[in-house]
Amino acid sequence: MQINGSTQLFAIVGNPVRHSLSPAMHNAAFAALSINGVYVPIEALDIGETVKGLTSLGFIGASVTVPHKETVMQYLDDIDPTAKAIGAVNTLAFDRSSGVATRVRGFNTDWIGSNRALEDHITLQGSTALVLGAGGAAKAVAFGLIEAGARVYIANRTEEKAFRLADALNCKAVKLSEIGSITAEILINTTSVGMEPNDDQIPLQPDVLPGFTVVMDIVYAPLETRLLREAKACNCKVIDGLAMLKYQAVEQFRIWTGQEPPAAVMHQALLEGLQG
Ligand code: ATR
């Protein structure tokens, strides 16, 4: 890669951000399509100042990650309606086309990433899904499922948060202790349960797993979580945490470049990045 005066600048802004796999993914995609672009991690303490900085330095696009996905919204000129509905932005595009003031636009590609990861394995329209967790990731995942025509249940350790999120999305909540009473084809873990170093943990009682057709975990370290291992043993189709990570980035790449993203190259870069 040769960096020169025409190199387009992209970033991931968050805190912490040093171990993000996104630079490996996007830089591999730029190289594969011979795009003169570079994508760097930026540790952002003050997201308002960071957006101003990226704007004045001529950045073309940025990913936004923890803890700024919600607070960044107040610093943007335009917010895509779906990002507004989810209440979180994970993608910025700096529109410099007018030649006057740059417009900073916000999008959410997390829900598209989740849907595409699932759609590789199952039709969402008319399906029923159980989402574990009630934080930001759960909201994007549940929103996507509802958009695609699935019936959604939400369950969470703090039950009140599950009921609040279900109210906001106009779907149903269920207590963790009552999961056995519902029938759903799809299970998605959006909590951090099972993540290293606590990889012996599982976010629900494993005896309910045989009831699901597809089980997806958004945890990707380890790649095969205890949830996925036990689901596989019950003959469920399993989807690891790299799938959503890849597809949310694929959609970002499409927004920034207008080109068809090289998804296989991005997946390979993720795998290599994980191996460190
Ligand atoms: P994110 O934006 O990644 O979704 P978050 O908003 O902090 O992160 O949400 C984390 C989710 O993981 C929550 O649903 C949280 O449950 P609580 O609402 O009860 O806190 C869930 N979570 C985290 N650690 C957990 C644990 N040890 N057991 C069960 N749920 C856990």
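Before any of the text, the structure's been laid out above.
Computed from a prediction, not measured in an experiment: that's the story for all the values here.

Chemist: Would you mind showing me how to read the site of the ligand here?
Modeler: In the region of the ligand, the neighbouring residues are G133, A134, G135, G136, A137, N156, R157, T158, K161, T191, S192 and V193. Between an oxygen atom of the ligand and a main-chain N or O atom of G136, the distance comes to 3.1 Å. Within the contact set of the ligand, an oxygen atom lies 3.0 Å away from a backbone nitrogen or oxygen of A137. Compared with its free state, where it exposes 640 Å², the ligand has 62% of that area covered by protein. When grouped by side-chain class, the residues that make up the shell around the ligand number three nonpolar, seven polar and two charged.

Chemist: Mind showing me how you'd approach the side chain of N90 here?
Modeler: Tracing the backbone through its elements, the reader meets N90 in the loop between α3 (81-86) and β5 (91-95). Judged by its relative accessible area of 2%, N90 falls in the buried class. Not counting residues within four places of it along the chain, the set of residues in contact with N90 comprises A62, S63, V64, K69, F107, N108, T109, D110, Q248 and Q252.

Chemist: Could you clarify how one ought to interpret the nonpolar core in this entry?
Modeler: Across soluble globular proteins, nonpolar side chains have a tendency to be buried as a group. Counting residues in each nonpolar core, the largest one holds 53 residues, and the members touching the most others are L118, V131, L145, I154 and I188. In terms of residue count, helix α8 (residues 241-257) provides more of this core than any other element does, nine residues in total. Setting aside anything within four residues of it in sequence, one finds L145 in contact with N115, L118, L124, A129, V131, A150, V152 and I188.

Chemist: What's the story with the state of the cysteines in this structure? I'm lost.
Modeler: Joining two cysteines, a disulfide is a covalent bond between their sulfur atoms. Tallied over the entire structure, the rule returns zero disulfides. C234 supplies the cysteine sulfur nearest to C236, a cysteine that is in no disulfide, at a spacing of 5.4 Å.

Definitions and limits used
- Residues numbered from 1 in each chain as written.
- Predicted model: local features only at pLDDT ≥ 70, side-chain atom pairs only at ≥ 80, totals over all residues.
- Heavy atoms only, no water.
- Near = heavy atom within 4 Å.
- Polar contact = N/O pair within 3.5 Å; in protein donor to acceptor, adjacent residues only side chain to side chain.
- Areas by Shrake-Rupley, 256 points an atom, 1.4 Å probe, with all protein chains shown as cover.
- Nonpolar A, V, L, I, M, F, W, Y, C, P; charged D, E, K, R; others polar.
- Helix = DSSP H or I, 4+ residues; strand = E, 2+ residues; numbered from the N terminus.
- Buried < 20%, exposed > 50% of the residue type's maximum accessible area, 1.4 Å probe, protein only.
- Contact = heavy atoms within 4.5 Å.
- Core = buried A, V, L, I, M, F, W, Y, C linked by side-chain atoms within 4.5 Å.
- Disulfide = S-S within 2.5 Å.

Remember, this is a structural readout, not a statement about activity or role.
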